[in-house]
Every structure is written in structure tokens, then in C-alpha cells.
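Results of the structural survey
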There are 4 protein chains.
Amino acid sequence: MSKGTVVLAYSGGLDTSCILVWLKEQGYDVIAYLANIGQDEDFDEARLKAEKLGAKKVFIEDLRGEFVEEFIWPSVQANAIYEDRYLLGTSVARPCIARRQVQIAQREGAQYVSHGATGKGNDQVRFELTCYALYPEVKIISPWRIPEFFNRFRGRKDLMEYANEHDIPVPVTPKAPWSMDTHAPVDLYLMTKNPEDSPNTPDVLEIEFLKGVPIKVTNVVDGKAKDSPLEIFSYLNEIGGKHGVGRIDIVENRFIGMKSRGIYETPGGTILYQAHLDIETFTMDKEVRRIKQGLGITFSELIYNGFWFSPECAFVRDCIARSQENVEGKVQLSVFKGQVYMLGRESPKSLYNEELVSMDVQGDYDPCDASGFIKINAVRLREHHRLQGLSGSKK
Amino acid sequence: MSKGTVVLAYSGGLDTSCILVWLKEQGYDVIAYLANIGQDEDFDEARLKAEKLGAKKVFIEDLRGEFVEEFIWPSVQANAIYEDRYLLGTSVARPCIARRQVQIAQREGAQYVSHGATGKGNDQVRFELTCYALYPEVKIISPWRIPEFFNRFRGRKDLMEYANEHDIPVPVTPKAPWSMDTHAPVDLYLMTKNPEDSPNTPDVLEIEFLKGVPIKVTNVVDGKAKDSPLEIFSYLNEIGGKHGVGRIDIVENRFIGMKSRGIYETPGGTILYQAHLDIETFTMDKEVRRIKQGLGITFSELIYNGFWFSPECAFVRDCIARSQENVEGKVQLSVFKGQVYMLGRESPKSLYNEELVSMDVQGDYDPCDASGFIKINAVRLREHHRLQGLSGSKK
Amino acid sequence: MSKGTVVLAYSGGLDTSCILVWLKEQGYDVIAYLANIGQDEDFDEARLKAEKLGAKKVFIEDLRGEFVEEFIWPSVQANAIYEDRYLLGTSVARPCIARRQVQIAQREGAQYVSHGATGKGNDQVRFELTCYALYPEVKIISPWRIPEFFNRFRGRKDLMEYANEHDIPVPVTPKAPWSMDTHAPVDLYLMTKNPEDSPNTPDVLEIEFLKGVPIKVTNVVDGKAKDSPLEIFSYLNEIGGKHGVGRIDIVENRFIGMKSRGIYETPGGTILYQAHLDIETFTMDKEVRRIKQGLGITFSELIYNGFWFSPECAFVRDCIARSQENVEGKVQLSVFKGQVYMLGRESPKSLYNEELVSMDVQGDYDPCDASGFIKINAVRLREHHRLQGLSGSKK
Amino acid sequence: MSKGTVVLAYSGGLDTSCILVWLKEQGYDVIAYLANIGQDEDFDEARLKAEKLGAKKVFIEDLRGEFVEEFIWPSVQANAIYEDRYLLGTSVARPCIARRQVQIAQREGAQYVSHGATGKGNDQVRFELTCYALYPEVKIISPWRIPEFFNRFRGRKDLMEYANEHDIPVPVTPKAPWSMDTHAPVDLYLMTKNPEDSPNTPDVLEIEFLKGVPIKVTNVVDGKAKDSPLEIFSYLNEIGGKHGVGRIDIVENRFIGMKSRGIYETPGGTILYQAHLDIETFTMDKEVRRIKQGLGITFSELIYNGFWFSPECAFVRDCIARSQENVEGKVQLSVFKGQVYMLGRESPKSLYNEELVSMDVQGDYDPCDASGFIKINAVRLREHHRLQGLSGSKK
């Protein structure tokens, strides 16, 4: 008799294949669920594999459109970046994937969900907080945190033995670990060319924004244009990847309190980050931007920590969306050898006033006002100096 | 009879040369003061020029050492960056220059200081707030805010005519204005090579930090090493410049409330920014870093707005310095085609614990704890879901 | 021939009466404008006085309703408080008053507005920023910053002489200045009773909120109830005043950089501040509240500094309003001898779950999860301890 | 054979008495530890009781001095307050108590510590994070999170039965639970008089501060004075209690994500909070204060959540201490019927300049400067208005 049905987030790889078989061994019916969020994968092969391993059903879900529109676009609006460097690619994918997983579980009447994330990482948190937030009664099976499982599979070798015993196809190359001071292996990057091998001529793009999200990208050289969210994002990934844009090698602080090394590539995301920063500063009031910058940092931490589906994240998202009302216009940029260079920008909502900043025209602006402005700003500083004089100390 | 003595921040250029002569016309004795903060300048020629134009005295001050140690190093510690992009090069130079200027004024018994900053920019504020903070009784002559001056010199043409009349040497090339959507002219950059023309092989550097500031840089390929602040900074400018690192073309929000376009090059600063971010995240506790990140943003705004010499900036500087106690170790990076790539890092103060993050060793860490951690974090989210269910709305 | 028309914010007092006459002397046509925001004033008498002094027209505008709904209610939602103590009464009145003033100016074709605020205070800023924001072309006459005016009227004595010469009625009691260590005179307070003389029995009120604003107040003892914004606010002022609630004697930092002493009374505002805090914490998610708390501080500074009508203040107001969606329910409190005591609260949107916190019922909550939660939170702390051990220092 | 030695935080009450006996039943040697942080307790009786119940050793530790100086004073400097209302009394006591407990454990060679905090509250977190931070190898026995314990003792009745069986003295009155809308019972408050029954004449105190902490308190009426930390704090508790100061009835958000009702009394803390706010605003630069205010909020959350002994809390404490350098002077206040009223303040480090704010003297201040200040602040607002005009929308 079955213990119940589990919807397993299945990747087709060694770990989740072993988990699929192990869950069956434990007495569960397993529904394999594989999300397509744009990764390079043979989904048909993965379906066959899951079926062969005994999945009762297999769902392969194309989430690419909703991933870009509902998860990446808000992150672009927020200039989301974690600890000043990480553009949060995987972090925003996780709630998108888990949301569909609990939808399947609810539809299929499954009380359990499962995943292959380790017990030391961020993904377990992102995955499970999403599940609990959207399906509070769900039960989560997290094998890498279950002693019977993790004591049995103490390393990759144990997994591979188990795979051999159960006709689970095994990948050829073992993952090599490396420490903080090792240079990252070149073949680690899948989406981006090595900048040393990238083209010697730049691509020049024009990205058009409306309400803080891209609505069109045009290659200025060959005239190629894209205007649906998914196509825009894919094209930017393609161009960015071709020029080796968006590789980072960082130390990061995981939510659960340990430091780890992260090597990421975010080609399209890096281009969008730069382009959005530019059009935003061009069209958004200075002080609105300052407040919004703080909200963007909060938003990034929430995403990183797995709180996409939380009341505070919904709140911050709404606030940020409100800030983007006038963020529209076109940005020109060139992409070359790992870098993105802004070339210019234009907007019907620009707050830039050429006459106002001109050194040759006064316009409506009276430079004498600046004297008063500076003197009033100095009132406090001069008082402070006075006090220091009295108390005999200087700083 | 003289109206008094003015210490003029003299650059040797057209504007301040005209101002020097104009101040004398108004009846002031003029002391010309030229600060060497590392710019490419013929200081002897500038001295002769100032003397020829009638300066009573000329001071050429080598501030390079104190500029690097007292102004740039704290900015490196803070990861100072304005509006997510601008590394504040000029902004930190201004208080350094103005401080010496008021010192000269006090020493020489001058009641007046003067400068050539325009009436619409940030530099007037940075300059004058420094003066008022350090010499509250000083009187500031800011010609570009004096109607008699700015009405007489309504554009570059007027200045050049005046220069011709008064034997002031005139530069050959007029400055060309360009709007927000024009591509920046290539010859605008003085310190950095065009990345398209930069070397096809990277330089690999190792930078060593102690208390958050660089104490040594070594070129891993040729073994060249520098270990004094000024030499380190100059060498990073040289290597960064050679590879076209640190060019930005941005829209920025001036303190006085207008938007302008800024084109900057900060080769050494960009390398240091990246390297310091890396060693800091490696050695600083996660939560200390979050708090310090907020202080760094405040610090950057204070610098940009001209408040280097203010009680709040001193306070924030002290707090940031406190956070840097354990920020030490070595960072390896490569510099190539406008980019800086982290290669690895090591530190005696590292908070990274390889065993703790390892997927093969549990160490002291019990993965089961993560289940409790996640469930407790979900308490609030599940309650929120419950409430939404009751009230019939979903978000 | 007239120099043009000025709309003067007229209070009926000595200063603005003198200004009215002085503006006419200078050759302006003067429209007197007096806003009723609920202050205790004989408006008919003020109209007669203004007419007698030569006002071309007199507008007495009842702004009480819009003041409460558009200005006070958003401040209640924000828990607006400046420097931890000041509830911003006057600060929110100013933009409300100035908005109507520029509306009158535009309607009447007046290019000028004028006011009697001093050249050292906050009100001049609040007043004028509102005018510039809503009527950018307006010209502002601020007599206390015009040398001909302030040099002529160097103190109260000069004003009174001028008043006598021009048949301006003069108040009997001269204002007495007092320094920071003088006890405030008892007769300074107009709205609130001295707590020592207030009733010996409390009033008990029930305030009902919807979307973060009060929609009804009921006196639990006598059953008296109010349910329109203006009536609610007036009644809370009455009850608060009767019990001496809301008096403060503080040092505050003015926007223009000087410290001053402020003695305020905000009886109704104090009751609402306490009641709103209570219902908000009861119904708002913890983390939403933390983010909203930061926005509330920003909002308070913006109001204090005069930026009510600014893009950033509109942005923050919208964000705060978004946070108040579920802030509804009833609060019971008692008002007694200068204090407000919460007695209880109830809400259909409560996030409080009696079963969840109960010490006798576990409910859905597993206490064992807390062990994991705490241990994961301790990971970082233990690592920190380990590092300190290695480096030999302790903090 | 003993399983080892446990240091139990013993209160003398029912819960920890049962835990003491239960731990012995489980095979542990138990050291009872009772901290004196100023609570009203018969410590000799508690010692006898613990010995009678079988404690191997009993430590009664007088922590009153270090509690006030090392824990309360920094909280006063920070104006520490959680969620705008709670002065964190218990929260700061916990790390103080737990620190001594692990010191005893280390000294006595005990590997275990134990406490009676429930599995749903904040105190378990505060207690255990302190233990892990200071003694990372410690093992914690938290009975209320151990199924064998909490399943056996499902309510107060079970505890009392167990107490009867084991000769544990039982308190007479059972605790009555009350929900969110019940008025708090009058006998709940132990330190403070009901304001309705408090004296009809105020006490007037003068509190002197140095570096942000009180160094002397004087009763202005009877001349009584205290000048050691413990005596100052005790005296303020006495006077505050006598006048019913510092009672609050709030909803609060626990760290673990649930809302609960909290009824607290903090008589001395409330007086100090008000007095410190006053002297701080009087002597601290405005902008330093703004930054410090943000740090104070962070500090309060850290304390509430149990992170007193964490690198970030140490960092923030140091920053706040730095901000207090000039916070010195005397504050006069009256305490009456539950309220604290500021009467005046004086300080050698005052930044208040009577001449500067005077309406009769211009001093060094030129009111015309304010015109420029306001106009420059309006540049951005007028540009914003212009853009809105262009785009046809108004906000």
C-alpha cells in the first residue's frame, strides 16, 4: 500500500534520479515534475528517463514566459542585486518552479512534495518557504536532511553505486570541488563565452523600456528586433553570452549563516541591470530613487533568502512597481569582451533639462540662489566647529 | 588700496586664469594655489603662468599622499559608490584640495578664498562646505555666482576674448557640448585606453589588504610589486588604464536637484572597488556587512554632496573603520579589456569554513536543524495565508 | 499703478497685519487669505480687520475637512513622528494652507504670494516649497527675509509702533522669550488642561479603524459616538485636551540646521498615534511593519522639512497606504491625567492566533522546530567565535 | 551513573523546580543557578528550596551591577525600543543571565545548560543564542521542546500534580489566561502603582548624563541624590513605580513569527528613555542623530531577537557609543500620574545657539540665504511639475 503521492522536483540528473527511486523504495507514488525555465535540456529524454525509473506521472512544464514576466521583470525594476554583486538568477527561479509544483500537488491530490536540494544551501529554503506559503498543509520530503538518506549516501560515490544498481544512467564527469583560492575551471561556464575568445567587434543594442520593463530590443547593426518578454530575455542572453558578459566569481553569505563561493553567469540579466539603471536614473526623481534604492536592497535580500511569496515581498514589489510609472525610454549600449557600455539614452519622461544644466544659459535658474543654499547647509557645520573650539577638541 | 587677499584655487586653465586677472581688477591681492593630486599637469608651467598673470604668491602643493591615504582609502573601505555607479573620484578630491586652501588662507592671513566652479554644479558645494566647516569666518568669492562676472562672461567666447585682451594663454580646442543621446567622444578619456585597443592578454594582480586598505599590489606575471599607498594607487591606475578599466557614461542627480550626464574614468578605483568587495565579504560577518552596507551608501551620498568635513561624515567614517578590523588577506584578479575578474582569495581572518559547506562532510552541522529553521520561518507565512483565506482575497 | 496682486496668508495677528499694510505701501494690491483648519479664532472679526487695513479681497476658507482627511489621516497611517517625539501638527497644516493659497492666486490671477513666517524657521520652507511645487512660476514675497523690512522691524517694539501709526489693533501681552533651561510658562498651552487639574476619572474610548484611518470613535461610558473624519478628530482633541494629553517640551533640529526648543500640544494626535500603533501591530505582518516603519520615518522627515508636495512624499504616501489595507478593527483605551492606556483590541483581520501562542496547546506548531531554528541562527555566531579563538582576540 | 552535569537557570518557581527534579530523574547532576538582577525575590529561600530538591550545588549570583552598566546603559544610549513601544527590559536581562550561566558551566566542567523557557517564546532564543555564542560546544537541554517532557506536562495541572508527588512547593494562585480584548488584570503589575492611586503631587528630578549614560540623579524637592549606576537605576525604578510610570499593554511580534500580547512595566527605563532622548537631541548634531536613530532601531531588533552577543550587535554598540561622546548635561523632569514631563535642560556641549535662533537678532545669520536654500530645494520640484504638465498627468 502506498504511503501517498509525492510530487518530486525532478531535474533529470543523478541526485533527483536516485531520489525518485529511493522515494518509491520508501513506499511513495512519485510524480516527476520538470520545469522548463529556459535551461538547455533535452526534456523528452528526461521524460523517458523518469518514466523508466518508475514515475507514476511526469509533468514537464514550460514556465519560461511566466518566469520572465512575473519574476525576472520585477527584479529588473528593482535593480535586484545581492551583496552588491549577485544578480539572483537561481534565486528568482526557485519560487517560480515551486509554485507550479504545489499547484500540481494540489491538482493531483498529493500531500507531499520533494526536492533534491542539499541541507546546507539556500535552495532548500527558497523551495520550502514557497511551498509552505502557498500550500500550508503540504508535507515536504527533503532527503538530504533525512538521516536514513544522507547517512546512506555519504558522497557522490555512494550515489553512483546506487545508480548502477538501479539502472539509473550516470553522468560521465564527476564534479570537482575547489576551494576559495583555486581559479575557477574554464568549462564551468555554460552560457557565456570566455571574453578572451569573444568577438573583436561589439554588438550595439537599443533597449526600450516602459514602466521599468523592457518592451523591445533592437540590434542597431543588423536591425534584428524582439518585442515579447521571453524573446527579449532570450536574445539578451544570447548576445551577452556571445560577448562573455555577466560572469562573476564571488564569496557570498548564505541565509543559513555560512559563507560559500559562488560562480555565476547572468549574461542577459547583466545587460538589463545596466540598461535599467540608466533609464531609471534618467527618468526618476532623485529622492524617489534614493528611497527606492533602499527598497531594492530589501527586495534582493528577501529573494535571496527565499521569501518571494511573503507579505513583505509582495508589499515591496508593489512599492517598487509604483516607482516605475515613468521609467520609460530607450537606452543604447554596446556589448563587448565581457562589458556593457552605455552609449546614450532618450525618453519622453526625461527629467533632464538641458537648459537648466547648461553652463552658457541661466534659464530660470539664478546661480545666486546656490550661495544661500550652501550657506544654510553650512549653518550646522559652523556651529559644530564652534562647539569643538569651546571644548578644545578637534575632529 | 587692496580689498584684501584671496587664495584662489588655480588650475592653470582658461577659467581660473581669467578669474585671477578679474580678481585683481576688482582690487584683491591674489594668491594662486594649485594642488597636485596626481593629475597630469606641468606644474612649473602653471606656476610661471600664475606669476605672469599677477599672482602675489603661488603655492603648488603635493597632496598626493594625503589624498590617497586620508580620502581614497576610507572610500575603498566603504565601497563608496554614488547612485550604484559613480565611484566618486572628483568628489573626494575636492575636500582634500579645499582643506589645504583654507590652511594656506589662515597661514597667509587671507580672509577670502575663491574658485572657478560653476554655479550649477556639485563642486561649488563640496568646495565651500569644506571651507565653512574648517574656517567658519572665511569669505568666499565664487565668480560664477556673481552677476557682474557671469553677465560679463556669458559663454566661452567672452572668456576667450578677455583672455586675449589680458595676455592669458588660450587652449586650442573648444569644449564641445553633447546631449544625453549623443555617443561620448572617444578623446574624452585621458587615463584609460579604449578597450577595443587594449592588450589582448590580461594582467594578473594580487592585492593584499589589511584593515580594509591595500598594503601591497603584486603583478603575478612580472613580479613587480608596490607597497606604499601612493605607489599602489598609481600602479593600479596604470594597469587599469592600460586595459581600459573604469569608464562609465551615466546620468546622475546633482545635489542641487538637477540631472546631468557624467562621463568618468576611474581605473584604479574600479579595481580596488572590486577587490575590496571580495576580501570584505570573505572576512566580514554577514550581518555586520548588511549594516555596514547601509552606512556605505550614506557615506557615499555625504561625499557626493560635499559633506566630507561634517560631524556625520566623521561619525560614519569611524563606524566603517571599526567594521574593517578583520578585513585582511589577498585577492587575485585579472584585468582585461575593460573588466576586472576575481580569480581567488585567501585570508588568515577568513570566515569561510570549507568543512561546514562541504556536501560530503556534515561536520558539526546537523542538516535536520534546517528543517526547524525553515518551518519556523514559515510560521508567519502560513498565518498570513490563513488570514487571506478568511478574508477571501489572495495576493 | 499697482505692482501686481499678492495673496497674503493672513492670520489676523500683529505680524501679518503689519505685512498687509506694508505690502500696500510697497505698491501691491493685497488679497488677504485666512485658512480655518480648526484653530480657535474669530474669523468674522479677522475679515473686518483685513478689510479695514485695505485688503482688496478677503478669503476665509474652511479647510478643516480636507486637512483632516488628506493630511492628518495619512500621518496617522504613517505613525508620523519627527525625531522620536514631535507629532508634526503644524508641519502638516502648512502644505494644506499653502495649497489653497496658490489656488486662490491662480484663480485670481495673482503672481505673488506672501506670508509672515520668519527667516529662521521651518514654516517659510514648508510654505514656499508647496508654492513652488504647485505653481512653479509664482513669486514669493517673504518680508522677514527682505532687508528693507527686517531692518525696519528689528523687534516687536518696532512692529507695535508701526501698528499704532497705521491703526492696526495691537495685542495686549508681549511674547516672553525663554531659554532652554527655563520651565515653560503654564499659560502657553491652549488646547490642553494641566494634567494636575484634569479630571480624576478616566474617559474610555473605542476607536474603530478601516484601512489605517479612524472611522468611528465611541465614548464607552456615555455612548457618545462620532463617525465623520472632522468630528472624530475634533472629539479626540476635546477628550485629549480635557485630560491634558499630548503636551511635549522638546529640543528639535530645524531643517535649516539650527536647534530650537519646541513646546507643542497634540491631544487628538497623541490618542490616534497610540491607537493606530496598536491596531497596526495587531493586523500587519511583522516584516511588512519593519519596512513600513522605515518609510514612516522618511515620511516624517519629508513632512517636517516641507516636502509634502514632492514626488518622493507622494511615493512614500502611496507605499504606506498600500501597507494599511488590512489595518482594521477596534481599539479600547483610557485617557487619564496626560496619558493614554491601551485596554484591548479586536479585529476581523487579526494575525493573532490564540492557539498558536498558547502554552497549553501545541496546535500545528512543533516546538522541536525551534531547536533547529536556533541552531541555524547560531551557525554564524559559533563560526565567529571560532575565528576569534584563532586570532586570539575576544570581543 | 550520571549522564553529566547540567547548569539549570533556576527561578525558584514551579516550572524550573519541576525541571530540576525531572533532570535528576533523567540521570543528570544538576547545578541550580539563580541570577539576581534586581527582582523582588527571597534568594535564601530559593537556595534552600533548590538544595532540598536535590541540586548538587546552588549558585546565587548578584548581577545587578553588571546588568545596569553593561546591558541597560548601552540600551539607554541607543534609545532602544522595539516596535515603537517596548523598552526591552526582559530582553536585555536574558543575555546577562545566560552569560554567567555558561561561565559557571565552563568553570564547573558542565557540558549541559538548561532553562525553563517555553518552546514558543523569545526567551529560549535569547538564552540559547547567548550560550552558543559564548560556549559553542555547549549542549542545551530545553525541556519544553523535548517531547517526553512536554507530552507529560501538557498544562499547569500536570506540573502541579508532579510537584505534589515530589514535594515541590506549589504557588497558590494559578495564572489566568486572557485574550487580546480582555482588560489586563490590575494585580498584574508588580513594580508600578496604578496611576489612579499614585500621589497627587509630582516628583521633580534632575538627571545628569556623561557620554550618554546617567551619572547622577537628584530629587529637586528633597535633595536626595544617587550617583552609582545601580543606585541611580534603582532610584528611578522607585520614583517611576511610585507614580505609575512605564506601564504598557501591547501586541508584539515575536522573533519566531507569531504575535502575542505583552504587558510590561518599565518605570526607571521609561524615565531614562525620555531623559536621554532630550539630552541627546540637545547635544548631538542633527545628521549624526538621524544615522544613529537607524542604528538604534537595528540594535533594538537585535536585542529583542536574542543577538546581544553577536558580531553585528557588538559593531552597532560600538558605533552608538561613538555617537555619545558629547551627550552630556542635565535634564530636569517631573514624574506624575504615569507621565514624565521634560522641564528643561542644560549642557556644556549644547549645540543650541540662542542668538542664532532669536527672532530679534540676526547674528551671523543672513535670512536672505534662506531664499536661495529654498529655491534650490525647489529646483527638483519645479522640474517634476514641468514633466507632469508635459505628460498630462498630475499627482
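Bear in mind the structure is a predicted one, so any value in this text is a computation, not a measurement.

Further remarks concern the interface of chain A and chain D. Contact with chain A, which involves 31 residues of that partner, is made by 31 residues of chain D. Overall, the association of chain A and chain D removes approximately 2,500 Å² of surface from exposure, summing both partners, and the carbon and sulfur fraction of that is 61%. If you sort the residues of chain A by the area they bury against chain D, Ile-376, Arg-380 and Leu-387 of chain A come out on top, with a joint share of 22%. One can count two salt bridges joining chain A with chain D. With its nearest N and O atoms 2.8 Å apart, the salt bridge here joins Asp-285 of chain A to Arg-380 of chain D. The interface formed by chain A and chain D includes four residue pairs in polar contact (both at pLDDT 80 or more). If you list the elements that add at least two residues to the side of chain A that touches chain D, you get helix H10 (286–305) and helix H13 (368–391) of chain A.

What follows deals with the pattern of salt bridges. The full count for this structure, using the stated rule, is 105 salt bridges over all chains. The partner of Arg-99 of chain C in a salt bridge is Glu-66 of chain C, with the nearest N and O atoms 3.2 Å apart. Placement of Arg-99 of chain C in helix H4 (residues 89–108) and of Glu-66 of chain C in helix H3 (residues 64–77) is noted, with a sequence separation of 33 residues between them. An identical accessibility class is assigned to Arg-99 of chain C and Glu-66 of chain C; each is buried. Across the salt bridge formed by Asp-123 of chain D and Arg-126 of chain D, the nearest N and O atoms sit 2.9 Å from each other.

This brings us to empty space enclosed by the protein. What the rule picks out here adds up to seven cavities of 30 Å³ or more. For the largest cavity, the calculated volume is near 100 Å³. Lining the largest cavity are 13 residues, and of these Leu-351 of chain A, Gly-257 and Lys-259 of chain B together with Arg-380 and Glu-383 of chain D sit closest to its centre. Across the lining of the largest cavity, the residue classes break down as four nonpolar, four polar and five charged.

So, about the relation of the copies chain A and chain D. Put simply, the two copies of the chain differ by a rotation about an axis and a shift along that axis. The transformation that overlays chain A on chain D combines an axial shift of 0.0 Å with a rotation of 180°, and the residual RMSD is 0.0 Å. Classification of the inter-copy transformation places it as that of a two-fold axis. Scanning chain A for the C-alpha nearest the rotation axis identifies Phe-373 of chain A, at a separation of 1.8 Å. Looking at chain A, 100% of its interface residues are interface residues in chain D too, so the copies touch through the same face.

All names here are of chain C. All of the buried residues in helix H2 (residues 43–52) are Phe-43, Ala-46, Lys-49 and Ala-50. Down the axis, H2 shows its buried residues gathered within 115° of arc, on one side only. Across from the buried face of H2, at angles greater than 90 degrees, the exposed residues are Asp-44, Glu-45, Leu-48 and Lys-52. Contact partners of the buried residues in H2: helix H1 (14–25), strand S2 (29–36) and strand S3 (57–62). The backbone nitrogen of Asp-44 lies 3.2 Å from a side-chain oxygen of the residue at the head of H2, namely Asp-42.

Once chain C has been moved 0.0 Å along the axis and rotated by 180°, it coincides with chain D to within an RMSD of 0.0 Å. The overlap is high: 100% of the interface residues of chain C also sit at the interface in chain D, so the same surface is used on both sides.

This part takes up the interface of chain C and chain D. In this complex, chain C contributes 102 residues to the contact, which on the side of chain D involves 103 residues. Buried area between chain C and chain D, summed over both chains or domains, comes out near 9,000 Å², and the portion from carbon and sulfur atoms is 59%. The largest share of the area that chain C buries against chain D comes from Lys-120, Lys-259 and Lys-286 of chain C, three residues that together contribute 8% of it. Counting every contact that joins chain C to chain D gives 10 salt bridges. Examining the composition of the side of chain C that touches chain D, we find that 14 residues originate from one element, helix H13 (residues 367–391) of chain C, more than from any other. Split by residue class, the side of chain C that touches chain D holds 46 nonpolar, 23 polar and 33 charged.

Here the focus is the packing of aromatic side chains. Throughout the structure, instances matching the rule amount to 60 aromatic pairs over all chains. Ring centres of Phe-71 of chain A and Trp-308 of chain A lie 4.9 Å apart, and the angle between their planes is 35°; this geometry places the pair in the tilted category. Of the two residues, Phe-71 of chain A sits in helix H3 (residues 64–77) while Trp-308 of chain A sits in the loop between H10 and helix H11 (311–323), which places them 237 residues apart along the sequence. Ring geometry for Trp-73 of chain A and Phe-233 of chain A: centres 6.3 Å apart, planes at 80°, overall edge-to-face. Linking Trp-73 of chain A in helix H3 with Phe-233 of chain A in helix H8 (residues 229–242), this pair joins segments that are 160 residues apart in sequence. Neither residue differs from the other here; Trp-73 of chain A and Phe-233 of chain A are each classed as buried. An aromatic cluster of three or more residues is present, and its members are Phe-255 and Phe-307 of chain A, Phe-373 of chain B, Phe-373 of chain C together with Phe-255 and Phe-307 of chain D. The ring of Tyr-304 of chain A has Arg-126 of chain A sitting right over it, with the charged end atom 4.8 Å from the ring centre.

The rules we used
- Residues numbered from 1 in each chain as written.
- Chains lettered and ligands numbered in written order.
- Predicted model: local features only at pLDDT ≥ 70, side-chain atom pairs only at ≥ 80, totals over all residues.
- Heavy atoms only, no water.
- Contact = heavy atoms within 4.5 Å.
- Buried area = accessible area lost by both parts, 1.4 Å probe.
- Salt bridge = Lys/Arg side-chain N within 4 Å of Asp/Glu carboxyl O.
- Polar contact = N/O pair within 3.5 Å; in protein donor to acceptor, adjacent residues only side chain to side chain.
- Helix = DSSP H or I, 4+ residues; strand = E, 2+ residues; numbered from the N terminus.
- Buried < 20%, exposed > 50% of the residue type's maximum accessible area, 1.4 Å probe, protein only.
- 1 Å grid on protein atoms, 1.4 Å probe; cavity = no way out; pocket = protein on both sides within 12 Å on 5 of 7 lines; lining within 4 Å.
- Points joined across faces, edges and corners; volume = space filled by probe spheres on them.
- Nonpolar A, V, L, I, M, F, W, Y, C, P; charged D, E, K, R; others polar.
- Least-squares fit on C-alpha atoms with pLDDT ≥ 70 in both.
- Arc of directions from axis to C-beta.
- Phe/Tyr/Trp six-rings, centres within 6.5 Å; stacked < 30°, edge-to-face > 60°.
- Lys NZ or Arg CZ within 6 Å of the ring centre and 35° of its normal.

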